[in-house]
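Report on the structure
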Amino acid sequence: MALTATEPATDSASSNGSQKLYHVLEPKFNGELPQSTDYAKFKGRSDAAIVIDNGSWNTRVGWSTDAAPRLTFPPICSRYRDRKLGRTFTLVGYDAYADSNSRTAAKNAFDIDVISNFDVMENILDYSFLKLGIDNENGIGHPIVLTETLCNPNYTRKTMSELLFEAYNAPSILYGIDSLFSYHYNGGMTGLVLSSSNSTTHLIPVVNSKGVMSMATRLNWGGSQAVEFLTKLLALKYPGFPSKVYQPQLESLVQEHCYVAQEYKAEMSGYLEMGSLDDRDRVIQFPYTEIIKEQKTEEELAKIAERRKESGRRLQEQAAKMRLEKLKKKEEELAYYQHLLEKGKNETKKNYSRMLENDGFRDEGQLEKRIKELEKSIRRSRNKDLGIEEEEEEEVPSFPLLDVADENLDEDGIKQKRAQKLLKANYEARQRVRAEKEKERERLRLEAEKEEERRTNDLEGWISEKRSMREGLLAKLKEREQKKTQLSDRKSLASLNRMKAIAHLASDEPTRKRRRGNDEDTFGADDDDWAIYRDIAAVNEEEEEEDEEMQTELKNLEAQLLRHDPDFTEESLQANKSDWRNSLIHAFLRGARPFDPENQAEANQMHLNVERIRVPEVIFEPNMAGVDQAGIVEITTEMLLNRFTDSKQREMIYRDVFLTGGYTMFQGFEERLRTALTSVLPFESPLAVRTAKDPVLDAWKGAALWSKTNIGQPAWKGAAISKAEYAEKGSDYIKEHNLGNVMS
Amino acid sequence: MAPSSTPTVLHETLDITNLEKPFKSATWKPAARRNKNLKQVLTEVNRAQAASIIASQAHTEANTGDNTPIPESALAGLSARATAAQQASALQKLSLSVGQPAPTYGNIDAAPSLHPANSGHWCDLTGLPASYVDPKTKLRYTNKEVYAVIRGLGQGVSDQYLAVRGANVILK
């Protein structure tokens, strides 16, 4: 009920356009594992065995009389020295995750599925026994039941026995295979045990409760390899992903989002189809820090605008004031000079020239010129203040001396004549430029008019013309692009041609065929010859400029078309660019929604889509991940049909294909295996596939069940190694039993 | 308490270095160099097996002539010196005489697939069914859009893609 109540909420979220986000958590330390306080119940009881499911994913420890293991923790140990305190810490299991120091120092006891680091193993055992509360002197005083991998190498078992018997003085040890214990717990007698766990997948046929070891097979694929596979895929899918991705996060991604496809090829083919991608695409949000852009209220914005206007006005006022002052100054100056001129008329020539000299003028002409200039500038600024746009009329200067012959001039006159000549040339040049500009303006106006006319009269023709122009430009740009990519390939024709041209230019004797008798080098006679240098340049700046020009031209054309062509819309613009709606790569990377790289949240998202079925699929097709082995279906059929000669037994085995181990917990695993096996086994084979009640814990439970029922019985004696036997027969010694490995 | 010292305090409560372990033998000393990775363990297993077979053959087939007899005095140090060829021939003989060797960690590996139909061709980038192979990078791809991406891949990235399915060429 609670579930249905929450469903509408998620529905509305999806209709609003936001997709459900899945978050990853920082690897966290959950606190200390509780210590058992009830050891008094078990003290001194030799019928209470300590059962340890020694797996590479988790170590599970408990009493054989318990229903479930008491301790579950990863088989890791972190031993590191704190320099400040000068002491060494030993942290086992989850405790190793307590902080980043201890996390980086953590070591795993396992190499794939075999114990390789016995220092870690010893710490794990210490930790387990401490947590069980064992306080016996001189040995733990309880039999030990330990799971091991299929065909555990002798060296590993030997070292383990040495450790348990000599360091912990165990009275007896029973070794067994985890998956067979699980099968035993689930009441299996004859069948095929398919155990797919953290580091490997094992297939062991069982006949009359005894594992047929000669047919046992291992596929080197399990959960840890799947996590590694996903890690590689994601690293390639999102190179330069901004957040750090931790191993536990990847593990949780595999566990939570991956499932086994029923029809892999069919499902995969349609996986990235846009319409329904939202249902399959899982968005994983990684933690990120939002770069906060200050959001201003309407009021604030208005205030800011007002302030800006105000300051602009003030500036304008200031400028006007300054202009006014300048104008005043100029007017004063003008009045003074005019006064000077007036005064000069009444004064003697000598006095007048002295007065002029005092004010820095050489003669009256200069003064008059100055007055004229001042008048002009005053008029101009007045007009500006009043807002009158006055077309400045350059008065045609007169060059009177030019018409006078040199003979009639003195030296000074000749100088002035030369100056006037220059002035005249300048003036004429200016005039010419102005005329040209006018002409150009007129031409453009006419052109625009003509086009306007053409557009109004013959819209269709205009449109088709513009469209073809646009297409031509696009094609040209594309060609350029293609050439560029071709040049990046050393073996392409374009590259070869370029190298040829370079070699030809560099050689002293051009091999060009020359006509007889015409032996001179004519390079450069034709201007096009120089184009060769442009062609061989690796990075062509000119071309890049041209590209840019073409781009702007294209933009202009598109703007025109947008304005006037009724059929030309934003969409037809996008059709040319990559539209994410049609992009498979976009679907793969960013799901069924547009992606905004500026959005920090979206930049820190990963989309799991094809990976959800691609990762677990490897167990059916190991080649996908570079494992050169047959998949589980092929192994099973090969084993059952070709290697099992007894057809009666074979049929019995069909009836009970038993799945255990964490990998079999992927949704759809059992179903898929059933259909796959049905299709390859003989017609109407009585096939039955089932999964363990608890694929993860049943190995421990089976080991506990077996030891609880058999301890003290002959069966126990026939399977477990006692301390006396160890002392007598050596550390290599094992006893073969139904659920254990065989001597090798 | 200063926040920086909290982890240490936590570690002190979690630490098992100095805890009393009465159940543990006081005289126990682990053997030197007991930690071996899987590869080391397996090579040793192979060597020991081959040595024992050669030794047994030296007893029974000393005069068959297809194998140079090994003096018994040399057998003690044989495990270290047995050549790869000797080991191989010994293992071969074993499988011929016994029919099926006992299962060991090394020989229970599943065989490569015999059905080429079982391994499909999948796009190296997107995982979709792929019908094409880029002759330059040898990457499989599903359509021209993916191909465009492949052409734009940086140096060495295509090798990383190939490495995912173990198809990259490793130069030694």
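What counts, and at which threshold
Residues numbered from 1 in each chain as written. Chains lettered and ligands numbered in written order. Predicted model: local features only at pLDDT ≥ 70, side-chain atom pairs only at ≥ 80, totals over all residues. UniProt positions renumbered as here; feature names shortened; annotations may be inferred. Helix = DSSP H or I, 4+ residues; strand = E, 2+ residues; numbered from the N terminus. Buried ≥ 20, exposed ≤ 12 C-beta atoms within 10 Å, placed from the backbone. Rg over C-alpha atoms; globule rule 2.2 N^0.38 Å. Axes fitted to C-alpha atoms, helices over the stretch in contact; angles between N-to-C directions. Parallel < 35°, antiparallel > 145°, perpendicular 65-115°, else oblique. Contact = placed C-beta atoms within 7 Å. Nonpolar A, V, L, I, M, F, W, Y, C, P; charged D, E, K, R; others polar. Pairing = 2+ DSSP bridges. Domains from an automatic or database assignment. Core = buried A, V, L, I, M, F, W, Y, C linked by C-beta atoms within 7 Å. Expected span 1.5 Å × (residues − 1). Arc of directions from axis to C-beta.

The name an unreviewed UniProt entry gives chain B is Chromatin-remodeling complex subunit ies6, with Orbilia ellipsospora as the organism. You can read under Subcellular location (unreviewed entry) in the UniProt record for chain B the words "Nucleus".

Naming follows an unreviewed UniProt entry, where chain A appears as Nuclear actin-protein involved in chromatin remodeling of Orbilia ellipsospora. In UniProt, chain A has this text filed under Subcellular location (unreviewed entry): "Nucleus". Per UniProt, chain A carries the Sequence similarities (unreviewed entry) text "Belongs to the actin family."

Focus on the overall build of chain B
Counting its regular elements, chain B contains seven helices and two strands. When the elements of chain B are put in sequence order from the N terminus, they spell out α-α-α-α-α-β-β-α-α. Every one of the 172 residues in chain B was classed for burial, and the buried ones make up 19%.

Considering the overall build of chain A
When you go through chain A residue by residue, the secondary structure sums to 27 helices and 20 strands. Whereas a compact globule of 744 residues would reach a radius of gyration of roughly 27 Å, chain A reaches 47 Å, over 25% beyond that. Overall, chain A is about 150 × 80 × 65 Å in size when its C-alpha atoms are taken along their principal axes. Among the 744 residues that make up chain A, the fraction classed as buried is 30%.

Some words on the packing of helix H6 (residues 223–237) of chain A against helix H7 (residues 247–257) of chain A
All names here are of chain A. One can describe the packing of H6 onto H7 by two numbers: an axis separation of 9 Å at closest approach and a directional angle of 105°. By the criterion of interaxial angle, the relationship of H6 to H7 is roughly perpendicular. Within the contact between the two elements, H6 uses Ala226, Val227, Leu230 and Thr231 and H7 uses Leu250, Glu251, Leu253 and Val254. Within the contact of H6 with H7, the residues separate by chemical class into six nonpolar, one polar and one charged.

Regarding the UniProt feature "domain: Vps72/YL1 C-terminal" (unreviewed entry) in chain B
Listed under "domain: Vps72/YL1 C-terminal" (unreviewed entry) in the UniProt record, and renumbered for this structure, are residues 121–150 of chain B. Between the C-alpha atoms that bound residues 121–150 of chain B there is a distance of 17 Å. The span itself is 23% helix and 13% strand.

Overview of the interface of chain A and chain B
Each partner contributes residues to the interface: chain A has 74 residues there, and chain B has 57 residues. If you list the elements that add at least two residues to the side of chain A that touches chain B, you get strand S6 (87–92), helix H3 (118–132), helix H4 (154–167), strand S15 (217–219), H6, helix H8 (264–269), helix H19 (584–590) and helix H22 (632–643) of chain A. Among the residues making up the side of chain A that touches chain B, the classes are represented as 35 nonpolar, 22 polar and 17 charged.

Description of the UniProt feature "coiled-coil region" (unreviewed entry) in chain A
All names here are of chain A. Feature annotation in UniProt places "coiled-coil region" (unreviewed entry) on residues 327–384 and 427–490, given in this structure's numbering. Between the C-alpha atoms that bound residues 327–384 there is a distance of 11 Å. The span itself is 88% helix and 0% strand. Between the C-alpha atoms that bound residues 427–490 there is a distance of 59 Å. The span itself is 95% helix and 0% strand.

Topic: the sheet that holds strand S11 (residues 172–177) of chain A
Residues and elements named next belong to chain A. The mixed open sheet is built from six strands, whose spatial order is S4-S3-S2-S10-S11-S20. Whereas interior strands pair on both sides, the edge strands pair on one side only; in this sheet they are strand S4 (71–73) and strand S20 (721–722). Helix-sheet contacts for H3 involve strand S2 (50–54), strand S3 (59–63) and S4, and the interaxial angle to S3 is about 35°. Against the sheet, helix H25 (residues 698–710) engages S2, S3, strand S10 (144–148) and S11, with an angle of about 150° to S2.

Re the domain arrangement of chain A
Segmenting chain A into domains produces domain 1 (39–186 + 696–729) and domain 2 (298–393). For domain 1 of chain A versus domain 2 of chain A, the distance between C-alpha centres works out to 103 Å.

Describing the nonpolar core
Residue and element names in this part refer to chain A. With 140 residues, the main nonpolar core has Ile50, Ile144 and Ile173 as its most contacted residues. At eight residues, the largest contribution of residues to this core is made by H3. For Ile144, the contacting residues outside a window of four places in its chain are Ala49, Ile50, Ile52, Leu164, Ala170 and Ile173.

Examining helix H17 (residues 541–564) of chain A
With 24 residues, H17 of chain A ought to run about 34 Å at 1.5 Å a step, and its terminal C-alpha atoms sit 35 Å apart, in line with that. In terms of burial, H17 of chain A is largely open, as just one of its 24 residues are buried.

Topic: the pairing of S2 of chain A
Moving residue by residue along a regular strand, the side chains alternate between the two faces of the sheet. All names here are of chain A. Summarising burial for S2: five of the five residues are buried, a large majority. Hairpin connection, S2 to S3: the antiparallel pair is bridged by four residues. Sheet analysis places S2 next to S10, joined by three bridges and oriented parallel. By the bridge assignment, Val51 is partnered in S10 with Val145.

Considering helix H24 (residues 669–680) of chain A
All names here are of chain A. Taking 1.5 Å as the rise per residue, H24 with 12 residues should run 16 Å; its terminal C-alpha atoms sit 17 Å apart, in good agreement. Inspection of H24 places Phe669, Arg672, Leu673, Ala676 and Leu677 among the buried residues, and these make up the whole buried set. Looking straight down H24, one finds that the buried residues subtend no more than 125° of arc, so they occupy a single side. Set apart from the buried face of H24 by more than 90 degrees, the exposed residues are Glu671 and Ser679.

Focus: the sheet that holds strand S5 (residues 76–82) of chain A
All names here are of chain A. Pairing within the open sheet is antiparallel, and its three strands lie in the order S6-S5-S7. At either end of the open sheet lies a strand with only one pairing partner, and these are S6 and strand S7 (106–108). Averaged over all pairs of adjacent strands, the angle between their axes in this sheet comes to 25°, without regard to strand direction. Bridge count between S5 and S7: three bridges; the pairing is antiparallel. Within the sheet, the bridge partner assigned to Cys77 lies in S7 and is Lys107.

As for the packing of helix H5 (residues 178–185) of chain A against H25 of chain A
Residue and element names in this part refer to chain A. Where H5 meets H25, the axes come as close as 7 Å, and the angle between the chain directions of the two elements is 70°. Judged on the interaxial angle alone, H25 and H5 are roughly perpendicular. Of the residues in H25, those touching H5 at Asp178, Ser179, Phe181, Ser182, His184 and Tyr185 are Asp698, Ala699, Lys701, Gly702, Ala703, Leu705 and Trp706. Taken together, the residues of the contact of H5 with H25 break down into six nonpolar, four polar and three charged.

As for the pairing of S5 of chain A
Across six bridges, S5 of chain A lies against S6 of chain A in antiparallel orientation. Its bridge partner being in S6 of chain A, Tyr80 of chain A is matched across the sheet by Phe89 of chain A.

Details of the environment of Gly222 of chain A
All names here are of chain A. Counting through the fold element by element, Gly222 comes out in the loop between S15 and H6. Distance from Gly222 to Ile112, taken between C-alpha atoms, is 9.7 Å for residues 110 residues apart in sequence. Those residues within four positions of Gly222 in sequence are excluded, and the remaining contacts are Ser196, Ser197, Asn198, Ser199, Thr200, Thr201 and Tyr663.

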